[in-house]
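Given next are the chains, with one letter for each unit.
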Amino acid sequence: MINVCAQCGSYRSDKEIRQNPSRAICPDCGHSHPFLQLPLFIVCGTSGGGKTAVCHQLQRDIHNFIPLEADILFRAEINHSQEAFRDFNETWLRVCKNIGQAGKPVALFHAGGLPQHIEPCTERRYFDTIHYLALIADDAVIATRLEARPPWRGCAPAFIAEQITYNQWLRQEGPRHQPSITILDTTETTVAETSNQILRWIHEKWPKDNA
């Protein structure tokens, strides 16, 4: 685990990061150890945008990145506490950086993985770049997809309205956000087509030669 110092045993996520080569410096004893500082790909967006379906599609084949769905670590309190949501994001960044030590970056499918939630995290320092892409669709299509879900998914009218508002915000603000968010409209694309578009986006940022 990168956060545990091999020399003094301290657990510190706030290590100083130095480049060329990438290494982390323990704040307690000054021990320096190398690590792979890879990019991270975050696919965010409204519920009903297609994140889960695309993640499952990408997991069927071997790629030069690891697709993971953030909801596998979801807890109910995350929606009701900013502190819990920050901890959720820190946990995922910690998981992704440790997976990356095997030489493959992670593509994290995370509904609320916006730059304003990710960039302030302590664990952010371990990635050289984070690329953001949002899946959106026409508002009516989002509503139809959510209404078709089983009752246990909790897609009540108020939830659907929230997702449509989020969908509209991403469409309008994503491209001019800093860091920018690439927008991918899934209104008329199949899961396979959307998956291929995300593959092209990742390969532009992380060519296969880097695998």
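Student: Can you walk me through the sheet that holds strand β7 (residues 130-136) in this structure?
Tutor: Spatial strand order, β5-β6-β4-β7-β8: 5 strands in an open sheet with parallel pairing. The two strands at the open ends of the sheet, each matched to only one other strand, are β5 (66-69) and β8 (181-185). Across the sheet, the mean angle separating the axes of adjacent strands is 20° when strand polarity is ignored. Pairing geometry for strand β4 (residues 40-45) and β7, over 6 bridges, is parallel. Paired with Phe41 across the bridge in β7 is His131. Across the sheet, helix α5 (residues 157-173) lies against β4, β7 and β8, angled at about 125° from β7, the strand it touches most. Sheet strands touched by helix α6 (residues 191-205): β4, β6 (106-109), β7 and β8. Its angle to β7, the strand with the most contacts, is close to 165°.

Student: Can you help me understand the packing of helix α4 (residues 139-147) against α5 in this one?
Tutor: The geometry of a pair of packed helices is captured by two quantities: the angle between their axes and the separation between those axes. One way to put it is that α4 packs onto α5 with a least axis distance of 10 Å and a crossing angle of 145°. The handedness of the crossing between α4 and α5 comes out as right-handed. Between α4 and α5, the contacting residues are Asp139, Ile142, Ala143, Leu146 and Glu147 on the first element and Phe159, Ile160, Gln163, Ile164, Asn167 and Gln168 on the second. Residues that form the contact of α4 with α5 fall into these classes: 6 nonpolar, 3 polar and 2 charged.

Student: I tried to follow the packing of aromatic side chains on my own but got confused; where do I start?
Tutor: Aromatic ring pairs are defined here through the distance separating the ring centres and the angle between the ring planes. Following the criterion strictly, the structure yields 2 aromatic pairs and no others. When the ring of Phe35 is compared with that of Tyr126, the centres are 5.7 Å apart and the planes differ by 65°; the resulting orientation is edge-to-face. With Phe35 in the loop between β3 (32-34) and β4 and Tyr126 in the loop between α3 (115-118) and β7, this pair connects stretches of sequence that are 91 residues apart. Across this residue pair, the class does not change: Phe35 and Tyr126 are buried. Seen from their ring centres, Phe41 and Trp201 are 5.6 Å apart, and the 75° between their planes marks the pair as edge-to-face. Of this pair, Phe41 sits in strand β4 while Trp201 sits in helix α6, placing them 160 residues apart in sequence. Per residue, the accessibility class of Phe41 equals that of Trp201, and both read buried. A cation over an aromatic ring shows up here: Lys97 above the ring of Tyr126, its NZ or CZ 3.5 Å from the ring centre. In this arrangement the basic side chain of Arg153 is found over the ring face of Trp152, its NZ or CZ atom lying 5.4 Å from the centre.

Student: I'm lost on the side chain of Asn3 in this one. Help?
Tutor: In this fold, Asn3 is placed in the segment before β1 (16-18). Overall, the relative accessible area of 0% leaves Asn3 in the buried class. Apart from residues no more than four positions distant in its own chain, Asn3 is found in contact with Ser10, Tyr11, Arg12, Ser13, Lys15, Arg94, Lys97, Glu123 and Tyr126.

Student: It is not clear to me how unusual backbone geometry should be interpreted in this structure. Could you clarify?
Tutor: For residues besides glycine, phi is generally negative; the peptide bonds are generally trans as well. For the peptide bond that leads from Asn20 to Pro21, omega is 0°, which places it in the cis range. Within the secondary structure layout, Pro21 lies in the loop between β1 and β2 (23-25). Cis geometry marks the peptide bond from Gln178 to Pro179, where omega comes out at -5°. By secondary structure assignment, the location of Pro179 is in the loop between α5 and β8. One non-glycine residue, Asn20, adopts positive backbone phi at about 55°. Along the chain, the position of Asn20 falls in the loop between β1 and β2.

So, how was this worked out
- Residues numbered from 1 in each chain as written.
- Predicted model: local features only at pLDDT ≥ 70, side-chain atom pairs only at ≥ 80, totals over all residues.
- Heavy atoms only, no water.
- Pairing = 2+ DSSP bridges.
- Helix = DSSP H or I, 4+ residues; strand = E, 2+ residues; numbered from the N terminus.
- Axes fitted to C-alpha atoms, helices over the stretch in contact; angles between N-to-C directions.
- Contact = heavy atoms within 4.5 Å.
- Left-handed = near helix turned anticlockwise from the far one by under 90°.
- Nonpolar A, V, L, I, M, F, W, Y, C, P; charged D, E, K, R; others polar.
- Phe/Tyr/Trp six-rings, centres within 6.5 Å; stacked < 30°, edge-to-face > 60°.
- Buried < 20%, exposed > 50% of the residue type's maximum accessible area, 1.4 Å probe, protein only.
- Lys NZ or Arg CZ within 6 Å of the ring centre and 35° of its normal.

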